[in-house]
Amino acid sequence: MYFPIMKNRAEELRVIRDMNHFFSDSIIPLIEIIQDEYNIKYKIDDATGEFIYEQKPGNKKRNRVKLPPTEDDIITLEDIQKRLNGKRGFIDFFRFTEDEYENKVFKGIELSIRLSRDFSYYQKRILQIGDYSNLIPVISIKKGFKISEHDLHRLINNLRKNNSTIAIRIMDSYLDDYIEFLEDHLTENDFIMLDIRNQNADSKFIELEEFQDLDTEAYKILLNSPRSRDYKNGDYENLQFTNRIDNKVAILYKDYEFDGFGDFGGLKDDLPTDSRGNGTGAALGLIYLKEENAFYSIVNDDTSEGMRGFKYVREEVLKRLPFLDADNDCIAIKRIKEMEGKYGNWGTWSNLTLTRYIQQQAKK
């Protein structure tokens, strides 16, 4: 089984919607919820029942006045369910510590910040997953967010009232602390996801052997994030398979007889920040080939071109179609072929990387 890990940002949500026909019992997305989606409502004139409009300075057109969103307007899980189109998905209401992402200033993730500070609210939100039959709750245990066995047992029991399957996602450094609990409280319908983050799998052989020996009927899944946040686009090699992404877990999980693996599909495990770019940067294309279990890297080293540099990336892809798309069936490369005059932005090419990776993993 393969578990593409995605945050519910715009491009990843588009991938979920556009690639749901590849999802199955063998490919199930793991979606980290970092922000809420809301049903937008507008002010209405009580006297007339008509919408109230406003004209902001500098605009010629009047627009309806939006009401501030409330808890009752949240449609996050409903929106994901629609994008999955009946397919299953794991839902991890995402919590993080300040140092986990280098203490950056983040943008648009007020939900994750609140979840990280308020365990009661975290429990409230995760219990809402039971309202959706195709969504599977994930309880995450990691640095800064250990859960006492008492609280964990109570949360699992509450989840089981409306969920036939649950998952425990646990960082490798905490596996020892929960081995007996996991063996005693998970069933053959459940999942244990051992997360080694961006660590080299070979260095975690002791933890992997312990996980292998875990006496449980639950599915065992190995997660990692092999693309380091430390590398900038310009650090990648040009026109060759990159050594910057070690995708070993995609093969190694079988050696330990685990039931599946998960990763970020060629994307970084990062969070949206409040920094404004200056329009420069190296345009990067990462094209995964399953037979090599590696990413072919195409990078425009001229950082002054910024997003304009994706024209070069596209041209180099098209020069290598027999190599990169031998079966002429790649959805991502089809979209690259159709780019005429507009060559996309950073988000576009992240979408293409993830789209390609999911389709490649779906290949027999």
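Residues numbered from 1 in each chain as written. Predicted model: local features only at pLDDT ≥ 70, side-chain atom pairs only at ≥ 80, totals over all residues. Heavy atoms only, no water.

Asker: Lay out the overall build of the protein chain in plain terms, naming residues and giving numbers.
Answerer: Looking only at helices and strands, one finds 12 helices and 13 strands in the protein chain. For a compact globule of 364 residues, the expected C-alpha radius of gyration is about 21 Å, and the protein chain comes in at 22 Å, within 12% of that figure. Overall, the protein chain is about 65 × 65 × 35 Å in size when its C-alpha atoms are taken along their principal axes. A total of 364 residues make up the protein chain; the buried ones form 49% of that total. Of the accessible surface of the protein chain, which amounts to about 18,100 Å², a share of 44% is contributed by carbon and sulfur atoms. Positive and negative side-chain charges in the protein chain, numbering 54 and 65 respectively, have mean positions lying 8 Å apart. (Helix = DSSP H or I, 4+ residues; strand = E, 2+ residues; numbered from the N terminus. Rg over C-alpha atoms; globule rule 2.2 N^0.38 Å. Buried < 20%, exposed > 50% of the residue type's maximum accessible area, 1.4 Å probe, protein only. Areas by Shrake-Rupley, 256 points an atom, 1.4 Å probe, with all protein chains shown as cover. Lys, Arg positive; Asp, Glu negative; His and termini not counted. Charge placed at Lys NZ, Arg CZ, Asp CG, Glu CD.)

Asker: Explain the packing of aromatic side chains to me, and be specific about the residues and the numbers.
Answerer: What the rule picks out here adds up to 25 aromatic pairs. For the ring pair F191 and Y219, a centre distance of 4.6 Å and an interplane angle of 20 degrees mean the geometry is stacked. With F191 in strand β8 (residues 191-195) and Y219 in strand β9 (residues 219-223), this pair connects stretches of sequence that are 28 residues apart. Relative to F295, the ring of Y288 has its centre 5.1 Å away and its plane inclined at 50 degrees; by these criteria the two rings are tilted. Like F295, Y288 is buried. When the ring centre of Y121 is taken as origin, the NZ or CZ atom of R114, which lies over that ring, is 3.6 Å away. (Phe/Tyr/Trp six-rings, centres within 6.5 Å; stacked < 30°, edge-to-face > 60°. Lys NZ or Arg CZ within 6 Å of the ring centre and 35° of its normal.)

Asker: Explain empty space enclosed by the protein to me, and be specific about the residues and the numbers.
Answerer: Evaluation of the coordinates by the stated rule reveals 2 cavities of 30 Å³ or more. Volume-wise, the largest cavity comes out at about 70 Å³. Contributing to the lining of the largest cavity are 13 residues, with S140, K142, R169, D195 and R197 lying nearest its centre. Residue assignment for the lining of the largest cavity shows that the elements contributing at least two residues are β6 (135-141) and β7 (167-171). Broken down by element, the residue count for the lining of the largest cavity peaks at 3 residues, all from β7. Its residues assigned to classes, the lining of the largest cavity shows 5 nonpolar, 1 polar and 7 charged. Quantified by volume, the second largest cavity comes out at close to 40 Å³. (1 Å grid on protein atoms, 1.4 Å probe; cavity = no way out; pocket = protein on both sides within 12 Å on 5 of 7 lines; lining within 4 Å. Points joined across faces, edges and corners; volume = space filled by probe spheres on them. Nonpolar A, V, L, I, M, F, W, Y, C, P; charged D, E, K, R; others polar.)

Asker: Got a sec to walk through helix α6 (residues 175-185)? Specific residues and values, please.
Answerer: Regarding α6, the residues found buried are L175, Y178, F181 and L182. An end-on view of α6 places all buried positions within 130 degrees of arc, on one side of the element. The exposed residues of α6 that point more than 90 degrees off its buried face are E180 and D184. Residues of α6 that are buried in the fold lie against β6, α5 (149-160), β7, β8 and α7 (205-213). (Arc of directions from axis to C-beta. Contact = heavy atoms within 4.5 Å.)

Asker: Describe the pattern of salt bridges, listing the residues and the values that go with them.
Answerer: Where charged atoms from two side chains of opposite charge come close, those side chains can pair. Evaluation of the coordinates by the stated rule reveals 34 salt bridges. Each of K7, E32, D92, E100, E102, K142, R169, D195, R197, R229 and D269 takes part in one network of salt bridges that share partners. (Salt bridge = Lys/Arg side-chain N within 4 Å of Asp/Glu carboxyl O.)

Asker: Describe unusual backbone geometry, and please don't skip the residues or the numbers.
Answerer: The phi dihedral of L239 falls on the positive side, at around 60 degrees, and the residue is not glycine. The topology assignment puts L239 in the loop between β9 and β10 (240-241). Residue class for L239 comes out partly exposed when judged on its relative accessible area of 30%.

Asker: Explain the nonpolar core residue by residue, including any values.
Answerer: One finds I91, F93, I139, L152 and I168 to be the most contacted residues of the largest nonpolar core, which totals 67 residues. Residues in contact with I168, not counting those within four places in the same chain, are I139, I141, L152, I156, L182, L186, F191, I192 and M193. By size, the runner-up hydrophobic cluster in this structure holds 17 residues, among which are A283, L289, A332 and Y343. (Core = buried A, V, L, I, M, F, W, Y, C linked by side-chain atoms within 4.5 Å.)

Asker: I'd like to hear about the environment of F106, residue by residue, with values.
Answerer: The residue F106 is located in the loop between β5 (89-93) and α3 (110-117) in this model. Separated by 167 residues in the primary sequence, F106 and T273 place their C-alpha atoms 4.0 Å from one another. Setting aside residues up to four positions removed in sequence, F106 forms contacts with F96, Y101, L271, P272, T273 and D274.

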